[in-house]
Amino acid sequence: MSERLSRRKLITTGIAAAAGASGLGVAARLADRYGLIPPDDGGVYGVGETMTYAAQRLLMAPHSLAREYTRSDISKIAPVKGEAPENETYQRLSAGGFADWRLKIDGLVARPSFFSLAELKRLPSQNHIYHQACEEGWSFIAEWTGVSLSYVLNLVGVLPQAKYVVFFGFDTNFDAVDKQTIKGKWNSIDMAEAWHPQSLLAYGMNGRELPPGHGAPLRLRVPRQLGGKSTKYLSWITLTDTVKDIGQGFGAGGVERGFSWYAGI
Ligand SMILES: Nc1nc2c(c(=O)[nH]1)N[C@H]1C(S)=C(S)[C@@H](COP(=O)(O)O)O[C@H]1N2
Ligand SMILES: [Mo]
């Protein structure tokens, strides 16, 4: 039996025990049907990652809410992770106030679309004050303004086969002809996270435009996972039924550098 299969068997045994199901066959079918195997199963980490993901997806209500704070809780200092992308395209768009920037959304959607920043700002906006924690140990509370990811997904019409929403920022080579050569800070979330009411496409922070270092012109915010899942400098969002054909196939560039795909907190 391969390493990967034995891991899978261990996982489904655990799920069978947890769910009180009568046998491995049932558990395996349940695990597949309910999407309890993360894309980095058998990747750099393995069984621990899958147990965390499966347990959270089984035990937590899909729409459990991250805590929301008040304006007086907003952190005085919000650390910036990394630098805004240095590539020529990003610099040119930034110099033009992102007037020429478009967000592309395609893949398993009924209406592949491009959105300008002005168009996104005309959609119903939301403000959320929540906590962002980096796996490196620092965190801050900030107010984010944007449009609900679910609202935009409904505009483009998600097809039933879609399992993941994949995010590419300007610090990835997202225009690679061969998707397997995509590198950088791309990431993906499952549909439970995508439809979650607090998942936001943010263009504002603490009452101002999103600063360059924090992801201008648009970033994802998913407050139920570590900050690393909240992709900055967005350019392209694609819906897919598999992430196996992107980069090394683990669902996020970070997995290739040793982080786990699911970063629930
Ligand atoms: N495109 C892109 N998105 C990214 C990153 C990045 O380097 N590039 N860093 C991630 C990590 S590890 C964290 S903790 C947060 C940090 O967000 P901040 O810089 O606004 O604090 O953004 C995430 N999104
Ligand atoms: Mo991070």
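For the structure, check the block above.
Residues numbered from 1 in each chain as written. Chains lettered and ligands numbered in written order. Predicted model: local features only at pLDDT ≥ 70, side-chain atom pairs only at ≥ 80, totals over all residues. Heavy atoms only, no water.

### Here's the deal with the overall build of the protein
From N to C terminus, the protein includes 8 helices and 10 strands. Accessible area of the protein: about 12,500 Å², with a carbon and sulfur share of 55%. (Helix = DSSP H or I, 4+ residues; strand = E, 2+ residues; numbered from the N terminus. Areas by Shrake-Rupley, 256 points an atom, 1.4 Å probe, with all protein chains shown as cover.)

### Points about the site of ligand 1
Near ligand 1, the surroundings consist of 19 residues, among which Lys81, Asp171, His214, Arg219 and Lys232 are the closest. Contacts to ligand 1 include lysine 81, whose backbone N or O atom sits 2.8 Å from an oxygen atom. Here a nitrogen atom of ligand 1 and a backbone polar atom of serine 230 are 3.0 Å apart. Mapping ligand 1 onto the cavity grids shows that it belongs to the largest pocket. Broken down by class, the residue content of the shell around ligand 1 amounts to 6 nonpolar, 7 polar and 6 charged. (Near = heavy atom within 4 Å. Polar contact = N/O pair within 3.5 Å; in protein donor to acceptor, adjacent residues only side chain to side chain. 1 Å grid on protein atoms, 1.4 Å probe; cavity = no way out; pocket = protein on both sides within 12 Å on 5 of 7 lines; lining within 4 Å. Sits in = over half its atoms within 2 Å of the grid points. Nonpolar A, V, L, I, M, F, W, Y, C, P; charged D, E, K, R; others polar.)

### Focus: the pattern of salt bridges
Should the charged atoms of two oppositely charged side chains come close, the side chains can pair. Enumeration over the complete set of coordinates arrives at 9 salt bridges. When salt bridges with common partners are traced through the structure, they connect Arg57, Asp190, Glu193 and Arg224 into a single cluster. (Salt bridge = Lys/Arg side-chain N within 4 Å of Asp/Glu carboxyl O.)

### What to know about the sheet that holds strand S10 (residues 234-240)
Taken in spatial order, the 5 strands make up an open sheet running S2-S1-S10-S5-S6, and their pairing is mixed. In this open sheet, the two edge strands, each paired with only one partner strand, are strand S2 (113-116) and strand S6 (187-190). In this sheet, neighbouring strand axes are inclined to one another by 20° on average, regardless of whether the strands run parallel or antiparallel. Helix H6 (residues 149-156) contacts strand S1 (102-107), S2, strand S5 (164-169), S6 and S10 of the sheet and is inclined by roughly 135° relative to S2. (Pairing = 2+ DSSP bridges. Axes fitted to C-alpha atoms, helices over the stretch in contact; angles between N-to-C directions. Contact = heavy atoms within 4.5 Å.)

### Comments concerning H6
Because each turn of an α-helix spans 3.6 residues, side chains separated by three or four positions in sequence point in the same direction. Of the positions making up H6, those classed as buried are Leu149, Ser150, Val152, Leu153 and Val156. The arc that holds every buried residue of H6, seen down its axis, measures 160°, which confines them to one face. (Buried < 20%, exposed > 50% of the residue type's maximum accessible area, 1.4 Å probe, protein only. Arc of directions from axis to C-beta.)

### Description of the packing of aromatic side chains
By the definition in use, this model includes 11 aromatic pairs. Ring centres 5.4 Å apart and planes at 55° place the aromatic pair tyrosine 90 and phenylalanine 170 in the tilted group. Taken together, the residues span a long stretch of sequence, with tyrosine 90 in helix H4 (residues 88-95) and phenylalanine 170 in the loop between S5 and S6 at a distance of 80 residues. A relative accessible area of 5% means that phenylalanine 170 is categorised as buried. Each ring, one from tyrosine 90 and one from tyrosine 233, has its centre 5.6 Å from the other, and the planes form 80°; the classification is edge-to-face. Residue tyrosine 90 is found in helix H4, and its partner tyrosine 233 is found in the loop between strand S9 (219-221) and S10; the two are separated by 143 residues along the sequence. Here tyrosine 90 and tyrosine 233 have matching classes, each one buried. In this structure an aromatic cluster arises from ring pairing among Tyr90, Phe98, Phe170, Phe174 and Tyr233. Over the aromatic face of tryptophan 236 sits the side chain of lysine 104, whose NZ or CZ is 4.7 Å from the ring centroid. (Phe/Tyr/Trp six-rings, centres within 6.5 Å; stacked < 30°, edge-to-face > 60°. Lys NZ or Arg CZ within 6 Å of the ring centre and 35° of its normal.)

### Examining the environment of glycine 215
Summarising the element assignment, glycine 215 is placed in the loop between strand S8 (208-209) and S9. For the pair glycine 215 and lysine 232, spaced 17 residues apart in the sequence, the C-alpha separation amounts to 4.1 Å. Aside from chain neighbours lying at most four places away, what touches glycine 215 is Leu210, Lys232, Tyr233 and Leu234.

### Describing the side chain of serine 199
In this structure, serine 199 sits in the loop between helix H7 (191-194) and strand S7 (200-205). The class for serine 199 is buried, based on a relative accessible area of 0%. With residues up to four places along the chain from it excluded, the contact list for serine 199 reads Ser148, Leu149, Glu193, Ala194, Arg221 and Val222.

### Let's talk about the side chain of glutamine 225
Mapped onto the elements, glutamine 225 comes out in the loop between S9 and S10. Residues contacting glutamine 225, with those up to four places away along its chain left out, are Glu193, Trp261, Tyr262, Ala263, Gly264 and Ile265.

### A few points about the pairing of strand S4 (residues 139-148)
In terms of burial, S4 is largely enclosed, as 9 of its 10 residues are buried. Of the strand pairs in this sheet, strand S3 (residues 126-133) and S4 are connected by 8 bridges, and their pairing is antiparallel. Counterpart to alanine 133 in the pairing with S4 is serine 139. Adjacent in sequence and paired antiparallel, S3 and S4 are bridged by 5 residues, among which glycine 137 carries a positive phi angle near 110°. Examined bridge by bridge, S4 and S7 share 5 bridges and lie antiparallel to one another. Note on S7: the bridge partner recorded for tryptophan 144 is methionine 205.

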